[in-house]
Amino acid sequence: FGLIRQVADHRSTVLIQGESGVGKELVARALHYSGERADRPFVPVNCTALPETLLESELFGHEKGAFTGAVSRRAGKFELAEGGTIFLDEIGEMSPKLQMDLLRVLEQRRFFRVGGTEEISIDVRFIAATNRDLYEAVESGSFRDDLYYRLKVIQITLPPLRERLEDLPLLATQFVEDLSIELGKSVTGISEGALAMLLAREWRGNVRELRNCVERAMVICPRSV
């Protein structure tokens, strides 16, 4: 949190690393909404959700007729994030071609839409996240080393929940408060026995798994605790 406060107002690129479910997007949103760009767009992009060709169009936008189905000009995520932040989640899964294209955007803050001839300039902060060890990916040749070092100007590594179990009671209690409103159930707390069971678990799914576990317990809970 101290590091988030220190870098929130700067445009420097941030790389967030950690296992799936530790809360990488929450850190990205905290960086954005704690800084001077808070009133501008925060645009998340999941780099694993689309195949390469569609992800390229999603990021850069396209001109009418650039490919089959491109019936009109479409702004990409880079343009939509103008003045704000673009969050590239699971960047370790990005194809080599898109890695090269992204490197150019990071270095020059300019790009072309797919099928376009007009160069577009942007003022965007880049935050990337991955659950992979990108250094190992660089060593194996599956991730560009120049892009890796360009992304990790500021690096934030989130430990897994099993390495910070002292946070679990606070997290679980917060989830009870949030979910009691969301589910419309008057559950007010967690018993000592239930908390001991939570603390004894390994939590391979991390904070996301903990929230789902609390939600399930609340749904089937017949009492207020």
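(A) The arrangement of the packing of helix H8 (residues 168-183) against helix H9 (residues 192-199) in detail. As a packed pair, H8 and H9 sit with axes 10 Å apart at the nearest point and diverge in direction by 120°. Considering the angle they form, H8 stands oblique to H9. Note on packing geometry: the crossing formed by H8 with H9 is right-handed. Here H8 contributes Leu 168, Pro 169 and Ala 172 to the contact with H9, which in turn contributes Leu 195, Leu 198 and Leu 199. Looking at side-chain class alone, the contact of H8 with H9 contains six nonpolar, no polar and no charged residues.

(B) Structural detail: the packing of aromatic side chains. If you walk through the whole model with that rule in mind, you get eight aromatic pairs. Note that Arg 201 overlies the ring of Trp 203, its terminal NZ or CZ placed 5.3 Å from the centroid.

(C) Molecular detail of the nonpolar core. Leu 59, Phe 78, Ile 86, Leu 88, Leu 102 and Phe 126 are the most contacted members of the largest nonpolar core, which has 32 residues in total. At the level of elements, strand E2 (42-46), helix H3 (52-60), strand E3 (85-89), helix H5 (96-108), strand E6 (125-130), helix H6 (134-140) and helix H7 (145-151) are the ones that each hand at least two residues to this core. Setting aside anything within four residues of it in sequence, one finds Leu 59 in contact with Val 45, Gly 76, Lys 77, Phe 78, Ile 86, Leu 88 and Met 94. Residues Ile 16, Val 27, Ile 127 and Ile 154 belong to the second largest nonpolar core, which totals 15 residues.

Basis of the calculations
- Residues numbered from 1 in each chain as written.
- Predicted model: local features only at pLDDT ≥ 70, side-chain atom pairs only at ≥ 80, totals over all residues.
- Heavy atoms only, no water.
- Axes fitted to C-alpha atoms, helices over the stretch in contact; angles between N-to-C directions.
- Helix = DSSP H or I, 4+ residues; strand = E, 2+ residues; numbered from the N terminus.
- Parallel < 35°, antiparallel > 145°, perpendicular 65-115°, else oblique.
- Left-handed = near helix turned anticlockwise from the far one by under 90°.
- Contact = heavy atoms within 4.5 Å.
- Nonpolar A, V, L, I, M, F, W, Y, C, P; charged D, E, K, R; others polar.
- Phe/Tyr/Trp six-rings, centres within 6.5 Å; stacked < 30°, edge-to-face > 60°.
- Lys NZ or Arg CZ within 6 Å of the ring centre and 35° of its normal.
- Core = buried A, V, L, I, M, F, W, Y, C linked by side-chain atoms within 4.5 Å.
- Buried < 20%, exposed > 50% of the residue type's maximum accessible area, 1.4 Å probe, protein only.

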